Amino acid sequence: MDVIMLSRLQFGITIIYHFIFVPLTIGLVILVAIMETLYAKRKQEIYRKMADFWGKLFTINFALGIVTGITMEFQFGTNWSGYAKYMGDIFGSPLAIEALFAFFLESAFMGLWIFGKDRISPRLRAFAMWMVALGTNISALWIITANGFMQNPVGYVLKNGRVELSNFFELTTNPYTWYMFFHTILACYIVGSFFVMAISAYHLLRNQQSEFFQRSFRLGLILSLFATVMVPIVGHFHGVNTAKVQPAKAAAMEAIWESGKGHPFYLLQIPNVKEEKNSIETMAIPYLGSLLYTNDPHGNVTGLKDIPKENWPNVPVVFWSFRLMIGIGIIMLGLTWFGLLLLKKNRIFTNRNYLKIMLYALPLPYIAINLGWIVAEMGRQPWIVYGLMKTKEAVSPISAGEIIFSLGGLITFYTILLIADIYLLIKYAKKGPDSNLHVEEESITLTELNRRKSL
Amino acid sequence: MSYETLTIIWFSIWGLIWAIYFVLEGYTAGTGILFPFLAKKEEEQRQLQESIGPFWGSNEVWLITAGGVTFAAFPETYGTMFSTFYIPLYLILFALFFRATGLEFMHKSNSSLWKQSWKWAFFSGSLLIPFLFGLTFSALFRGLSSNEHGLYITFSDVINAYGILGGSTFVLLSLLSSAIWISIKTEGAVQKRATLLAKKIWPISSGFLSLFFIATTNQTSLFNSFANEPVLWLIPGFALLFILFAGIPIVYNKWGMGFAFVSLSIFTLFAAGFTGMFPNMLPARMNSSFSLTLYEAAGSELNLTIMLWITFFIVPVVILYQIWMYRIFRGKITEKNARGY
């Protein structure tokens, strides 16, 4: 493998590792902040316990979010120095703003919450969590602003052999950015709510701490009712915009080969890149293809054949990732709204099958959100900055040996950290509320015992 | 304001942010290195964890900001520096992984294998961070190799006597800073051990810093530009004075004052380095025409202007709420009230 492929492989692996932790951080913090707010308003002990329990899981997850995030920043310089030099104005600045506005906020108030929660007022606890939530959202906004430019460059001039900022307002109001931002944030809420529902279901199936987990489940369900509906709505407008500015990506998402008006949508379809057609396309829904891409049943959709082949992304990867994402999205929507039906009939917490399904549904939103980003990033290829810079021009003048060193280290250490993190998440999730108090008592008595022994 | 002035202001901000990070990393990393030796039992470990717990994350964000500012204001420097120092930077990255997870994970399970592994992970990460940064920045101060294709480094550009001296000096300064920090933040046996240690480390740190400046003057051309502006010799001079004066409060157990002096010494040490490099950001050792200057590396005027306004607006806010955090957690951490991770 050459330097470009190795660097791309490393980037792909590290971004997916990072994105295992980020969506839960963004989604769960909202729920914990709501619990803290309920505690501050109603002063009921159960809400404090809820915030403590879910907050503990949040912090375990948060630690790895930071660790895997620093890699991303370093990597733009170490492995993609061509890109870094070309894009400093546009990509470096949002990254610096992200650190200044978001990371400081998150780390300071996370520290306050972890170390101060037993000493500060309920109001300050809630405030701290909302500040962390604000930080995660600002962070997402700026990194997606940077990514939005890579998808749809705006507010720039080409000067001195690089991209220079010409209009900051245009950069920050890039429509691509905002569609992608809301689509991502809302998807993160699904991750957070499915996480809470799955762990609650685990305990409800064992009849443990029923009231605690029923309330938690209900909170998760409410957020999910909202998010699972909003994600596809925002996603649709995002798709229409993508079809406008990135026709190659859009055509690959649906494997559309021939341009045309009034395009149908095939429920079953298998793309064949070699023959530039679909091996199978059947169960057509007339006009839906055009409607999805143009908001008009008779709208014109650009096919891949009208785009130079060297500018095609990897069609099967983009197509299948997109299909699978949509499929999982529909399943999650169905599960959540079926949950509402059960809740209305007061049967949700006695329906063991439903709870079991919700427990095992935990990986679904993680898979869907990563597939979504695969569509966004793989669909942009062969460009690193759409229409301006090809990925192969962006790579650092480094040796394959150096990348093998970093890639080897990253895979080894990330795997160790991931196993440790998942072990801890499972451990504390299974223990249930008040578990940390328990651990502390245990360990104190242990050291107490040791001290007595040594005396 | 002319574009040239703007770029020079950004060079100062760039150096300032790195220097602030190194001051804050000093006491954070030092606490990690001392951790296995100062804390004899779990309550004491909790004390040490909590002494940096609420702050280490924010301190690390200064590093992320330093990286981000390099990227935003001097993209050419960012790309060249990070791809040239590829291996040292990945080693730093791996060290950062284990410092963070070691600290946060070690008390989250009761098995002794788990606790021992993460404790030593925390220690190793904490030791490597200041050592590798010392090594890397010494290499930067000494200058990179160059040929007609531009700047590059060889193994001996990084690993050499001067670099190892620089790495060790930063480790020792970190140890001193953290021993004082622990003396401020804690009470009880762990504090006693830290105070004794601070008194022992102080002469060694001072000696190493003096040696480092002597080596810098003799072995590198970093301070050559000071010949034109002799007043600039005051900067490394102050770094030495601060570390020497730190001895007085350390002897008299005035820890706040001692901490201030050591922090100022670390700050002026890096300030001396960055001032010596000016206007280069990546100096070429043999042929200065290959050096990358701040003028060549700077981003566009509009970008630098907007970022300057943003920085002037947000940095004071960040500093204010960080001071607030230090105030909230100003109490002494005792064996009984230590929360730990």
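All of these numbers come straight from a predicted model, not from anything done at the bench. (Residues numbered from 1 in each chain as written. Chains lettered and ligands numbered in written order. Predicted model: local features only at pLDDT ≥ 70, side-chain atom pairs only at ≥ 80, totals over all residues. Heavy atoms only, no water.)

Student: Help me understand the overall build of chain A in this model?
Tutor: When its secondary structure is counted, chain A shows 14 helices and eight strands. Considered along the principal axes of its C-alpha atoms, chain A spans approximately 80 × 55 × 40 Å. Counting over 455 residues, chain A shows a buried share of 60%. Taking the intrachain contacts of chain A between residues at least 6 apart in sequence as the baseline, contacts between residues at least 24 apart amount to 78%. Total accessible area on chain A stands at roughly 18,200 Å², and carbon and sulfur atoms take up 65% of it. Counting 39 positive and 29 negative side-chain charges, chain A places the centres of these two groups 9 Å from one another. (Helix = DSSP H or I, 4+ residues; strand = E, 2+ residues; numbered from the N terminus. Buried < 20%, exposed > 50% of the residue type's maximum accessible area, 1.4 Å probe, protein only. Contact = heavy atoms within 4.5 Å. Areas by Shrake-Rupley, 256 points an atom, 1.4 Å probe, with all protein chains shown as cover. Lys, Arg positive; Asp, Glu negative; His and termini not counted. Charge placed at Lys NZ, Arg CZ, Asp CG, Glu CD.)

Student: Which parts of the structure should I look at to understand the side chain of Ser200 of chain A?
Tutor: All names here are of chain A. Note that Ser200 resides in helix α6 (residues 175-205). Under the relative-accessibility criterion, Ser200 is labelled buried at 0%. Filtering out sequence-adjacent residues up to four positions away, Ser200 remains in contact with Trp54, Phe213, Ser216 and Phe217.

Student: I tried to follow the interface of chain B and chain A on my own but got confused; where do I start?
Tutor: Interface size, as often reported, equals the accessible area lost upon joining of the parts. Of the residues lining the interface, 73 residues belong to chain B; the matching set on chain A comes to 78 residues. Taking both partners together, chain B and chain A bury about 6,600 Å²; carbon and sulfur atoms supply 72% of that area. Interface area lost by chain B to chain A is led by Phe71, Tyr86 and Arg339 of chain B, which between them contribute 11%. The interface formed by chain B and chain A contains three salt bridges. For the salt bridge of Glu50 of chain B with Arg119 of chain A, the shortest nitrogen-to-oxygen distance reads 2.8 Å. Across the contact surface, chain B and chain A share 22 residue pairs in polar contact (both at pLDDT 80 or more). (Buried area = accessible area lost by both parts, 1.4 Å probe. Salt bridge = Lys/Arg side-chain N within 4 Å of Asp/Glu carboxyl O. Polar contact = N/O pair within 3.5 Å; in protein donor to acceptor, adjacent residues only side chain to side chain.)

Student: What am I meant to see in a nonpolar patch on the surface here?
Tutor: All names here are of chain B. There is a patch of nonpolar side chains on the surface, built from Val231, Leu234, Phe238, Leu241, Phe245, Ile248, Val251 and Tyr252 and spanning about 800 Å² of accessible area. Among the structural elements, Phe245 can be located in helix α9 (residues 234-251). Owing to a relative accessible area of 42%, Phe245 belongs among the partly exposed residues under this scheme. (Patch = residues over 30% accessible without salt bridge, like charges linked within 9 Å, V, L, I, M, F, W, Y side chains within 5 Å.)

Student: Which parts of the structure should I look at to understand empty space enclosed by the protein?
Tutor: Any empty space left between the atoms is revealed when a probe the size of a water molecule rolls over them. Applying the stated criterion across every chain, the model contains five cavities of 30 Å³ or more. For the second largest cavity, the calculated volume is near 110 Å³. Forming the walls of the second largest cavity are 14 residues, and the residues nearest its centre are Ser107 and Met110 of chain A together with Trp56, Glu104 and Tyr341 of chain B. Among the secondary structure elements, those contributing two or more residues to the lining of the second largest cavity are α2 (45-78) and α3 (81-116) of chain A together with α2 (42-73) of chain B. The leading source of residues in the lining of the second largest cavity is α2 of chain B, at five residues. Here the lining of the second largest cavity is built from residues that sort into eight nonpolar, five polar and one charged. (1 Å grid on protein atoms, 1.4 Å probe; cavity = no way out; pocket = protein on both sides within 12 Å on 5 of 7 lines; lining within 4 Å. Points joined across faces, edges and corners; volume = space filled by probe spheres on them. Nonpolar A, V, L, I, M, F, W, Y, C, P; charged D, E, K, R; others polar.)

Student: For this particular structure, what's the right way to read the confidence of the model for chain B?
Tutor: In low-pLDDT segments, the atomic positions of the prediction should not be examined closely. Predicted confidence across chain B gives a mean pLDDT of 94, with 100% of residues reaching 70 or more. Across chain B, element-level confidence peaks in helix α7 (residues 161-185) of chain B with a mean pLDDT of 97 and bottoms out in strand β2 (residues 150-152) of chain B with 90. (pLDDT = per-residue confidence, 0-100.)

Student: Just checking my understanding: could you explain helix α1 (residues 3-38) of chain B for this structure?
Tutor: Turn by turn, an α-helix covers 3.6 residues, leaving residues three or four places apart pointing in a common direction. All names here are of chain B. Between its terminal C-alpha atoms α1 stretches 51 Å, which fits the 52 Å expected from 36 residues at 1.5 Å a residue. At Gly32, α1 shows its largest bend, some 30°, and a proline, Pro36, comes one to four positions later. Buried residues dominate α1, accounting for 27 of its 36 residues. (Expected span 1.5 Å × (residues − 1). Bend = angle between axes of the 7 residues up to and from the residue.)

Student: So what exactly am I meant to see when it comes to the pairing of strand β5 (residues 277-285) of chain A here?
Tutor: Within a regular strand, the side chains alternate between the two sheet faces. Residue and element names in this part refer to chain A. With seven bridges connecting them, strand β4 (residues 265-272) and β5 associate as antiparallel partners. Within β5, the position partnered with Tyr266 by the bridge is Ala284. If you look at the hairpin formed by β4 and β5, you'll find four residues sitting between the two strands, and Glu276 has a positive phi there, around 50°. (Pairing = 2+ DSSP bridges.)

Student: Before we go on, may I ask you to explain the packing of aromatic side chains in this structure?
Tutor: We describe a pair of aromatic rings using the distance from one ring centre to the other and the angle between the two ring planes. In this structure the tally under the stated criterion is 84 aromatic pairs over all chains. Between the aromatic rings of Phe94 of chain B and Phe97 of chain B, the centroid separation amounts to 5.8 Å while the plane-to-plane angle is 55°, which identifies the pairing as tilted. Residue Phe94 of chain B and its partner Phe97 of chain B are located together in helix α4 (residues 86-105), separated by three residues, close to a single helical turn. Phe97 of chain B matches Phe94 of chain B in its accessibility class, with the two residues each being buried. A cation over an aromatic ring shows up here: Lys390 of chain A above the ring of Trp383 of chain A, its NZ or CZ 4.8 Å from the ring centre. Sitting over the ring of Tyr428 of chain A, Lys431 of chain A keeps its end group 5.9 Å from the ring centre. (Phe/Tyr/Trp six-rings, centres within 6.5 Å; stacked < 30°, edge-to-face > 60°. Lys NZ or Arg CZ within 6 Å of the ring centre and 35° of its normal.)

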